[in-house]
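# Structural features, examined
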Amino acid sequence: MRRLTLITGFFLMLLLLVHFYPAPSSANDKVDPKIIFEQRCSKCHKLDRSKPIESPEIWKTIVDRMAKKRNSEISASEAILITKYLQENMVKK
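Residues numbered from 1 in each chain as written. Predicted model: local features only at pLDDT ≥ 70, side-chain atom pairs only at ≥ 80, totals over all residues. Heavy atoms only, no water.

## Comments concerning the overall build of the chain
Let me state the cut-off plainly: The way it works is that DSSP assigns letters per residue, a run of H or I at least four long becomes a helix, a run of E at least two long becomes a strand, and they are numbered from the N terminus. Between buried and exposed lies partly exposed: a residue is buried under 20% and exposed over 50% of the maximum accessible area for its type, with that area taken using a 1.4 Å probe on protein chains only. When checking whether two residues touch, look at their non-hydrogen atoms; a contact exists if any pair is within 4.5 Å. Here, Shrake-Rupley sampling with a 1.4 Å probe gives the accessible areas, and only protein chains in the shown set may cover a residue.
From N to C terminus, the chain includes four helices and zero strands. For the chain, the succession of helices and strands along the chain, N to C, is α-α-α-α. Relative to its 93 residues, the chain shows a buried fraction of 23%. Long-range pairs, those at least 24 residues apart, make up 70% of the contacts in the chain with a sequence separation of at least 6. Of the roughly 7800 Å² of accessible surface on the chain, 61% is carried by carbon and sulfur atoms.

Take a look at the structure:
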């Protein structure tokens, strides 16, 4: 009987631990797009090369092209973050 109580107590504690343990957050929740832009894009060229352009849609084309280069190390999710950062910060007003 004592053994059954110990086993039941163990599983109850395990259940509580799993239930109340915080779920991992998404990788993109805490990522600063500017930092990703600086880290990835500076590997191939100087950051001052990125100048404001006329249309935000052009940034998607540019970032997609850069991400496809052999040594870019830009993942698909990073390309989205970089594009959004550039569209919000590097468009002529």
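## Here we look at the layout of surface pockets
Our working definition: Using a 1 Å grid laid over the protein atoms alone, points where a 1.4 Å probe fits but cannot get out form a cavity; open sets with protein on both sides within 12 Å along at least 5 of 7 lines form a pocket; any residue with an atom within 4 Å of a point counts as lining. Grid points are joined across faces, edges and corners, and a volume is the space filled by probe spheres set on the points. Throughout this entry, Asp, Glu, Lys and Arg are counted as charged residues, while Ala, Val, Leu, Ile, Met, Phe, Trp, Tyr, Cys and Pro are counted as nonpolar. The remaining residues, Gly among them, count as polar.
In this structure, the largest pocket encloses a volume near 200 Å³. If you trace the largest pocket, you find 13 residues lining it, with His45, Ser50, Trp59, Ile62 and Met66 closest to the centre. Counting residues per element, the ones that place at least two in the lining of the largest pocket are helix H2 (33-41) and helix H3 (56-67). Counting residues per element, the lining of the largest pocket draws most heavily on H3, at four residues. Each residue belonging to the lining of the largest pocket can be placed in one class, and the counts come to nine nonpolar, two polar and two charged.

## Observations regarding H2
Condition: This arc corresponds to the set of directions leading from the helix axis out to the C-beta atoms. In protein, a polar contact requires one atom able to donate a hydrogen and another able to accept it; more generally it is a pair of N or O atoms within 3.5 Å, and residues adjacent in sequence count only if both atoms are side-chain atoms.
Those residues of H2 that sit buried are Ile36, Phe37, Arg40 and Cys41. Relative to the axis of H2, the buried residues are bounded by an arc of 100° and lie together on one face. Where the residues of H2 are buried, they touch helix H4 (76-89). For H2, the side-chain oxygen to backbone nitrogen distance between the N-cap and Lys34 is 3.1 Å, and the N-cap itself is Asp32.

## Section: the pattern of salt bridges
Counted only if it meets this: Take a side-chain nitrogen of Lys or Arg and a carboxyl oxygen of Asp or Glu: if they are within 4 Å of each other, that pair is a salt bridge.
In the structure shown here, the tally under the stated rule is five salt bridges. Among the salt bridges present, the one from Glu54 reaches Lys92, with a minimum N-O distance of 3.3 Å. Of this pair, Glu54 sits in the loop between H2 and H3 while Lys92 sits in the segment after H4, and the two are 38 residues apart along the sequence.

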